[in-house]
Amino acid sequence: MDLISYLWQYIVEVFGIFIAYIFAGIFIYLILRRFNSRAITLTLLAVFVGVSISFYIPNGLPNAFQYPFFMKTFGPVDGPVLPFSNVVTFLSNFNTFERVDDIARDPHDVPTDIVYAEDGAVEIEITAKEVVGTLADGITFNYWTFDGKVPGPFLRVREGDTVRLTLHNDESSIHHHNIDLHAVTGPGGGASATNVAPGESKTITFKALNPGLFMYHCAHPNVANHNAHGMYGMILVEPQGGLPDVDVELYVIQGEFYTSGGLGRKGLQLFDPQAMLDGKPQYVLFNGRVSGETEHMHARVGDTIRMYVGNGGVNLISSFHLIGEIFDRVYREGDLVTPPAQSIQTTLIPAGGATVVEFEANYPGKYILVDHALSRVERGAWRVLEISGDADPSIFDGDIEVGHGH
Ligand SMILES: [Cu+2]
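By the naming in an unreviewed UniProt entry, the protein chain is Copper-containing nitrite reductase. Entered under Catalytic activity (unreviewed entry) in the UniProt record, the comment concerning the protein chain runs "nitric oxide + Fe(III)-[cytochrome c] + H2O = Fe(II)-[cytochrome c] + nitrite + 2 H(+)". The Sequence similarities (unreviewed entry) field of the UniProt record for the protein chain holds the comment "Belongs to the multicopper oxidase family."

Structure below.
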């Protein structure tokens with residue numbers, strides 16, 4: 001019943017169109033019988049076919065009808081269409097998937113210490129897990145995750161460390177998964193040695209040769225498909241000697257979600273591979289959830305804030321900007337070797353790339369981080385940083401209006 005309530009709009013859409021089409025046919029048939037004229041018959045037939053075609057050509061079949069069995073793609077491995085049997089397995093096992101109410105990882109969830117095992121290696125365990133999460137109020141999506149949240153856990157190591165990473169694939173998963181860490185020097189960034197079937201685990205060891213902030217993501221075919229379900233996170237490789245101390249560290253990753261229903265369509269949203277190939281996401285989100293429903297990030301006046309920001313893609317470049325602040329330092333593209341750029345308003349984050357920004361919280365208020373390709377804000381690409389503390393009128397003074405329209 002749960003599933004039917006989620007899929008109700010698809011069912012209504014399919015039957016609505018079906019019924020309308022049948023009765024349009026009956027209507028025409030009745031008119032033809034009444035007039036019994038060849039000219040009217042041909043005219044009405046032409047109108048009917050013409051209207052059908054003109055609807056079909058620009059729109060295709062309604063999304064609810066559509067499953068692109070015959071999509072032809074040219075990547076090195078399988079295309080982004082899920083095997084139909086997997087979709088059926090997902091729908092028939094729908095009630096057994098874990099429900100995650102808050103799919104968005106808390107941006108404050110950044111470990112400060114590196115924990116070493118007895119043999120001196122950094123030991124990391126991650127579980128790939130497919131869950132049903134809330135994308136926005138009343139809108140759910142089948143997320144594929146690392147550790148049940150989007151993004152996956154923030155990993156912290158230091159240049160020169162040996163890292164032993166075990167990837168588990170939860171028994172409830174339908175798909176195989178793996179992990180490609182951009183911090184790894186080795187085949188597939190670790191992906192080809194971590195392919196895990198549901199219930200399986202595999203371990204790799206790697207040396208963190210280069211410092212920087214790096215993305216990691218699932219690279220199981222179809223890679224874009226796995227990424228577009230939420231399978232990404234970041235690993236920080238601190239330079240020898242570490243990074244300067246700051247008061248607050250925050251972790252956000254922008255990502256695109258390609259859903260079969262339009263923006264705001266309620267219910268369970270199925271993944272739309274055609275929209276992904278076209279690069280037209282319905283949602284662009286920080287940490288996998290529409291931001292109006294997430295907790296604010298917090299800091300105090302006087303704090304130095306460092307943000308680790310990534311772009312899980314799979315198609316867009318992020319024009320990362322924090323409204324009402326200037327980044328004092330930007331470690332462009334996550335480069336922690338070169339001295340940072342300074343006093344930057346907006347910085348680019350490529351798909352599969354990252355940036356580190358630092359700034360001092362100078363004045364209290366609500367600051368909104370966005371992708372400054374601003375139409376994406378309407379698709380969910382914003383998040384609030386709330387700075388509390390005393391206002392210094394020499395920095396800013398004015399009557400602050402809230403919720404001003406146009
Ligand atoms: Cu995967």
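Peer 1: Sorry, what's going on with the environment of Glu 256 here?
Peer 2: Locating Glu 256 in the fold gives a position in strand S10 (residues 248-257). The class for Glu 256 is buried, based on 25 C-beta atoms found within 10 Å. C-alpha separation for the pair Glu 256 and Leu 348, spaced 92 residues apart in sequence, amounts to 16 Å. For Glu 256, the contacting residues outside a window of four places in its chain are Ala 228, Pro 281, Val 284, Gly 313, Val 314, Asn 315 and Leu 316.

Peer 1: So what exactly am I meant to see when it comes to the UniProt feature "domain: Plastocyanin-like" (unreviewed entry) in the protein chain here?
Peer 2: The positions UniProt marks with the feature "domain: Plastocyanin-like" (unreviewed entry) are residues 138-240 and 283-382. Within the segment residues 138-240, helix and strand shares are 5% and 41% respectively, and the terminal C-alpha atoms sit 47 Å apart. Along residues 283-382 the backbone is 0% helical and 52% strand, and the end-to-end C-alpha distance reaches 11 Å.

Peer 1: It is not clear to me how the environment of Thr 145 should be interpreted in this structure. Could you clarify?
Peer 2: With respect to the helices, strands and loops of the structure, Thr 145 is situated in strand S3 (residues 139-146). The buried category is assigned to Thr 145, around which 29 C-beta atoms lie within 10 Å. Put simply, Thr 145 and Ile 103 are 42 residues apart on the chain and 9.2 Å apart in space, counted from C-alpha to C-alpha. For Thr 145, the contacting residues outside a window of four places in its chain are Lys 129, Val 131, Val 150, Gly 152, Gly 230 and Met 231.

Peer 1: Whenever I open this one, the sheet that holds strand S14 (residues 304-313) confuses me. Can you help?
Peer 2: The pairing of strands in a sheet happens through backbone hydrogen bonds and is either parallel or antiparallel. The strand order across the open sheet formed by 6 strands is S12-S10-S14-S19-S16-S17, and the pairing between neighbours is mixed. Only two strands of the sheet have a single partner each, and these edge strands are strand S12 (283-286) and strand S17 (341-344). The sheet shows a mean angle of 25° between the axes of neighbouring strands, direction not considered. Pairing of strand S16 (residues 327-331) with S17, which is carried by 3 bridges, proceeds in the antiparallel orientation. When the bridges of S17 are listed, Phe 327 appears paired with Ile 344.

Peer 1: Which parts of the structure should I look at to understand the nonpolar core?
Peer 2: Judged by nonpolar contacts, the single largest core of 83 residues is most densely connected at Phe 214, Tyr 216, Met 234, Ile 235, Tyr 308, Val 309 and Ala 354. Split by domain, the residues of this core number at least three in each of domain 2 (97-241) and domain 3 (249-388).

Peer 1: Can you walk me through the domain arrangement of the protein chain in this structure?
Peer 2: Interface size is commonly expressed as the accessible surface area that is lost when the partners come together. With domains assigned, the protein chain is organised as domain 1 (2-65), domain 2 (97-241) and domain 3 (249-388). Each of domain 1 and domain 3 has a C-alpha centre, and these two points are 43 Å apart. Contact with domain 1, which involves 5 residues of that partner, is made by 6 residues of domain 3.

Peer 1: I would appreciate a short explanation of the sheet that holds strand S6 (residues 180-181) in the present structure.
Peer 2: If you walk across this open sheet you meet the 4 strands as S4-S9-S8-S6, and the pairing is mixed. Edge positions in the open sheet fall to strand S4 (155-158) and S6, since each of these has one partner strand only. Where strand S8 (residues 212-217) meets strand S9 (residues 232-238), 6 bridges bridge the pair, whose relative direction is antiparallel. When the bridges of S9 are listed, Leu 213 appears paired with Leu 236.

Peer 1: Got a minute to help me understand unusual backbone geometry in this structure?
Peer 2: Among all residues except glycine, the phi angle is most often negative; among peptide bonds, the trans geometry is most common. Of the consecutive residues Val 150 and Pro 151, the connecting peptide bond is found in the cis state with omega at -5°. The residue Pro 151 is located in the loop between S3 and S4 in this model. Of note, the bond from Gly 313 into Val 314 is cis; its omega dihedral lies within 30 degrees of zero at 20°. Mapped onto the fold, Val 314 is located in the loop between S14 and strand S15 (318-322). Unlike most non-glycine residues, Asp 147 shows phi in positive territory, near 65°. In this fold, Asp 147 is placed in the loop between S3 and S4. Positioned with a positive phi, Asn 287 is a non-glycine residue whose angle comes to about 55°. Its place among the elements puts Asn 287 in the loop between S12 and strand S13 (297-300).

Definitions and cut-offs
- Residues numbered from 1 in each chain as written.
- Predicted model: local features only at pLDDT ≥ 70, side-chain atom pairs only at ≥ 80, totals over all residues.
- UniProt positions renumbered as here; feature names shortened; annotations may be inferred.
- Helix = DSSP H or I, 4+ residues; strand = E, 2+ residues; numbered from the N terminus.
- Buried ≥ 20, exposed ≤ 12 C-beta atoms within 10 Å, placed from the backbone.
- Contact = placed C-beta atoms within 7 Å.
- Pairing = 2+ DSSP bridges.
- Axes fitted to C-alpha atoms, helices over the stretch in contact; angles between N-to-C directions.
- Core = buried A, V, L, I, M, F, W, Y, C linked by C-beta atoms within 7 Å.
- Domains from an automatic or database assignment.

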